[in-house]
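Chain by chain, the residues run as shown.
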Amino acid sequence: MIRMGLVGMGFIGQQHFAIHQALENVELVAVCDENPDKVAEVAPAVGGNIGDATELDLSAQARYVCVDDMLDNEQLDCVDVCVPTYRHADVSVAALEAGCHCIVEKPMGRSVEDCDRMISAAEATGGMLFVGQCLRFWPEYEVLAEMVSNGDLGRVASAKFTRLSPTPMWSEGGWVLDTELSGGALMDLHIHDADFILALFGRPHAVMAQANNVVTSGEKADHVFTTYLYDDLVCTAEGGWAMPQSVPFEMGFQVLGDKGLLELSLAKDPPLTFYPAEGEPYSPDYAEQTGYEREIAYFVDCIENDRPPQRVTPQSAREAVKLVLAEHKSAQSGEVVAVD
Ligand SMILES: NC(=O)c1ccc[n+]([C@@H]2O[C@H](COP(=O)([O-])OP(=O)(O)OC[C@H]3O[C@@H](n4cnc5c(N)ncnc54)[C@H](O)[C@@H]3O)[C@@H](O)[C@H]2O)c1
């Protein structure tokens, strides 16, 4: 049984709370949030763009408003870090230095330096560090990864990814809409696809990005179109969170190989379809859980079996932060930016 502490009880922390509660090999011992209302015995729901938020009963957990108090008072195997991005490094390093394993939400950090601090702390303490790049565990995207790696799509010629969301209005103090703190939609939302593209196709040699702002001011990061420059593959991603509240959340892809096209479109039924180069289209089977459930179950299994996570390594999550920062630079400068 893994003794878990959860820090940050906002939108994603509440999603994780329900997942920990449902896992048979996790005991959710303690929860922590700086905002006392969010760790009240009955905590109000926080809305988000995926999942159904409901009121939380926290009566079975020890409840804290300070992470150091939680780490001092509880015997934990693992800490789940769901605080704002710009605080990931501080809280994760504290958890690792307290002798815990650590799962931290994406993006790994606000900067490459943040990521390096976290990796150094994991190396120094021997704790396992896992970044919740949930798309790698999202069942439809797992099908895509499998079809690319086993050759079912053939040689991939072009790939297009999309992720569009209504503006996130729920964050504590509005931190997510402060581009300095969150990195904007580029770093907060679009990183899902950037990370997945890296995992699928490897590092591009350069990026060319254009972005604009609709709901925030400052550096352009609300809505982005990026072309990833590879030698033999055309690959683009569009990401943005400036959609009106009435627009449904959308994520999807079209990946074309010489053996056919795999498409995910939430607007279609079925959403996931393979159109073979010859023959009838069909919908491949995929798991019914969310990527959130699958990533947490995976990391808990890694801890139980003392096996460092291979599906998302800290170094690969750091690469995703670095790639998005190159996109940010390209979007501000209008230049093609090399990715080293
Ligand atoms: N994987 C996904 O699909 C997904 C979705 C949403 C958010 N996220 C990520 O999760 C993180 C949190 O986002 P959110 O939308 O839940 O934000 P949020 O503002 O809703 O929640 C963050 C919570 O952390 C608390 N907090 C801040 N600093 C703290 C500290 N030092 N100690 C204890 N509590 C602290 C805040 O009070 C707040 O309740 C971000 O990094 C975000 O990018 C990931």
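Residues numbered from 1 in each chain as written. Predicted model: local features only at pLDDT ≥ 70, side-chain atom pairs only at ≥ 80, totals over all residues.

S.K.: Is there a simple way to explain the overall build of the protein chain in this structure?
M.R.: A count of helices and strands for the protein chain gives 10 helices and 16 strands. The C-alpha radius of gyration computed for the protein chain amounts to 20 Å, which stays within 12% of the reference 20 Å derived for 340 residues, consistent with globular compactness. Projected onto the principal axes, the alpha-carbon positions of the protein chain cover approximately 60 × 45 × 45 Å. Put simply, the protein chain has 340 residues, and 46% of those count as buried. Within the protein chain, contacts between residues at least 6 apart in sequence are counted, and of these 70% link residues at least 24 apart. (Helix = DSSP H or I, 4+ residues; strand = E, 2+ residues; numbered from the N terminus. Rg over C-alpha atoms; globule rule 2.2 N^0.38 Å. Buried ≥ 20, exposed ≤ 12 C-beta atoms within 10 Å, placed from the backbone. Contact = placed C-beta atoms within 7 Å.)

S.K.: Help me out: how do you make sense of the sheet that holds strand β10 (residues 206–212) in this one?
M.R.: Hydrogen bonds between backbone groups are what pair the strands of a sheet, and the pairing can be parallel or antiparallel. Pairing in this open sheet of 8 strands is mixed, and the strands run β15-β14-β13-β9-β12-β11-β10-β16 from one edge to the other. Two strands lie at the open edges of the sheet, namely β15 (272–276) and β16 (337–338), each paired on one side alone. Running over the sheet, helix α8 (residues 191–201) touches β9 (156–166), β11 (223–229) and β12 (234–243) and is turned about 165 degrees from β12. (Pairing = 2+ DSSP bridges. Axes fitted to C-alpha atoms, helices over the stretch in contact; angles between N-to-C directions.)

S.K.: Before we go on, may I ask you to explain the domain arrangement of the protein chain in this structure?
M.R.: Much of the literature gives interface size as the accessible area that the parts lose upon coming together. Segmenting the protein chain into domains produces domain 1 (2–133 + 293–307) and domain 2 (135–289 + 320–338). Computed over C-alpha atoms only, the centres of domain 1 and domain 2 are separated by 26 Å. Contact residues are listed per partner, giving 23 residues for domain 1 and 24 residues for domain 2. Here the side of domain 1 that touches domain 2 is composed, by residue class, of 10 nonpolar, 8 polar and 5 charged. (Domains from an automatic or database assignment. Nonpolar A, V, L, I, M, F, W, Y, C, P; charged D, E, K, R; others polar.)

S.K.: What am I meant to see in the pairing of β9 here?
M.R.: Within a regular strand, side chains alternate between the sheet's two faces. Looking at chain direction, β9 and strand β13 (residues 250–257) are connected through 8 bridges and run antiparallel. Its bridge partner being in β13, V156 is matched across the sheet by G257.

S.K.: What exactly am I supposed to notice about the packing of helix α3 (residues 88–97) against helix α4 (residues 112–125) here?
M.R.: Between two packed helices, the angle of one axis relative to the other and the distance separating the axes together describe the packing. One way to put it is that α3 packs onto α4 with a least axis distance of 9 Å and a crossing angle of 5 degrees. Taken as axis vectors, α3 and α4 run roughly parallel relative to one another. Together, H88, A89, S92, V93, L96 and E97 of α3 and D114, R117, M118, A121, A122 and T125 of α4 make up the contact between the two elements. Counted by class, the contact of α3 with α4 contains 6 nonpolar, 3 polar and 3 charged residues. (Parallel < 35°, antiparallel > 145°, perpendicular 65-115°, else oblique.)

S.K.: When you look at the environment of D69 in this model, what are you seeing that I'm missing?
M.R.: You can see D69 is positioned in helix α2 (residues 67–73). Sequence separation of D69 and C32 is 37 residues, and the distance between their C-alpha atoms is 9.3 Å.

S.K.: Would you mind showing me how to read the pairing of β10 here?
M.R.: Residues V207, A209 and A211 of β10 are buried on one face, while the alternating residues A206, M208, Q210 and N212, pointing to the opposite face, are not. Where β10 meets β11, 7 bridges bridge the pair, whose relative direction is antiparallel. By the bridge assignment for β11, A211 is matched with V224. Across 2 bridges, β10 lies against β16 in antiparallel orientation. Of the residues in β16, the one forming a bridge with V207 is V337.

S.K.: How should I be thinking about the nonpolar core in this particular structure?
M.R.: Side chains of a nonpolar character, in soluble globular proteins, are inclined to be buried together. Ranked by size, the top nonpolar core spans 97 residues in total, and within it V7, V81, C102 and I197 carry the most contacts. When residues in this core are grouped by element, the largest group, 7 residues, is from helix α10 (residues 314–333). A domain-level breakdown of this core finds at least three residues from each of domain 1 (2–133 + 293–307) and domain 2 (135–289 + 320–338). Not counting chain neighbours up to four residues away, the residues in contact with C102 comprise C78, V79, V81, S92, A95, L96, G127 and L129. (Core = buried A, V, L, I, M, F, W, Y, C linked by C-beta atoms within 7 Å.)

S.K.: I would appreciate a short explanation of the site of the ligand in the present structure.
M.R.: Around the ligand, 29 residues are found, and the nearest of them are G8, G10, E105, S171 and E172. In terms of residue count, helix α1 (residues 11–22) provides more of the shell around the ligand than any other element does, 3 residues in total. Class assignment for the residues of the shell around the ligand results in 14 nonpolar, 7 polar and 8 charged. When we break the shell around the ligand down by domain, the ones giving at least three residues each are domain 1 (2–133 + 293–307) and domain 2 (135–289 + 320–338). (Near = placed C-beta within 6 Å.)

S.K.: What is the right way to read α8 from this model?
M.R.: Note: α-helices contain 3.6 residues per turn, so residues at a spacing of three or four share the same orientation. Of all 11 residues in α8, 9 are buried, a share of seventy percent or more. Residues of α8 that are buried include every one of I191, H192, D193, A194, D195, F196, I197, L198 and L200, and no others. Tucked into the core, α8 has its buried residues touching α5 (139–149), β9, α7 (184–188), β11, β12 and α10. Phi turns positive, to about 85 degrees, at G202, one or two residues after α8.

S.K.: Looking at this structure, I do not really get α3. What am I missing?
M.R.: The element α3 is largely enclosed, with a buried count of 7 among its 10 residues. Turning to α3, its buried residues number three or more, namely H88, A89, V91, S92, V93, A95 and L96. Along its buried surface, α3 packs onto β1 (2–7), α2, β6 (78–81), β7 (101–105), α4 and β8 (129–132).

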